[in-house]
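Here are the chains, one letter per residue:
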Amino acid sequence: MPTAQIILMAIFGVVIIAWGVRLDMKNHKKEQAERSASDEG
């Protein structure tokens, strides 16, 4: 496998992981907001 292909695959993997982490953080913030709202109620 050419080195350029390996590098591209590595970059692609990092981008996908970063995207997943970002979505995860958004979901956690939403969950925390809903949880604190229901606790107060």
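Residues numbered from 1 in each chain as written. Predicted model: local features only at pLDDT ≥ 70, side-chain atom pairs only at ≥ 80, totals over all residues. Heavy atoms only, no water.

1. Structural notes on the overall build of the protein chain
Part 1: The helix and strand tally for the protein chain stands at one helix and zero strands.
Part 2: In terms of principal-axis extent, the alpha carbons of the protein chain reach across some 60 × 10 × 5 Å.
Part 3: Looking at the protein chain as a whole, 0% of its 41 residues qualify as buried.
Part 4: Carbon and sulfur atoms form 68% of the exposed surface of the protein chain, whose accessible area is close to 3900 Å².
Part 5: Between the centroid of the 5 positive side chains of the protein chain and the centroid of its 5 negative side chains there is a distance of 11 Å. (Helix = DSSP H or I, 4+ residues; strand = E, 2+ residues; numbered from the N terminus. Buried < 20%, exposed > 50% of the residue type's maximum accessible area, 1.4 Å probe, protein only. Areas by Shrake-Rupley, 256 points an atom, 1.4 Å probe, with all protein chains shown as cover. Lys, Arg positive; Asp, Glu negative; His and termini not counted. Charge placed at Lys NZ, Arg CZ, Asp CG, Glu CD.)

2. Re a nonpolar patch on the surface
Part 1: A grouping of I7, I11 and V15 is seen on the molecular surface, where their side chains present a nonpolar patch of about 280 Å² in accessible area.
Part 2: Tracing the backbone through its elements, the reader meets I7 in helix 1 (residues 3-40).
Part 3: When its relative accessible area of 48% is taken as the criterion, I7 is described as partly exposed. (Patch = residues over 30% accessible without salt bridge, like charges linked within 9 Å, V, L, I, M, F, W, Y side chains within 5 Å. Salt bridge = Lys/Arg side-chain N within 4 Å of Asp/Glu carboxyl O.)

All quantities given are derived from atomic positions and should not be read as evidence of function.
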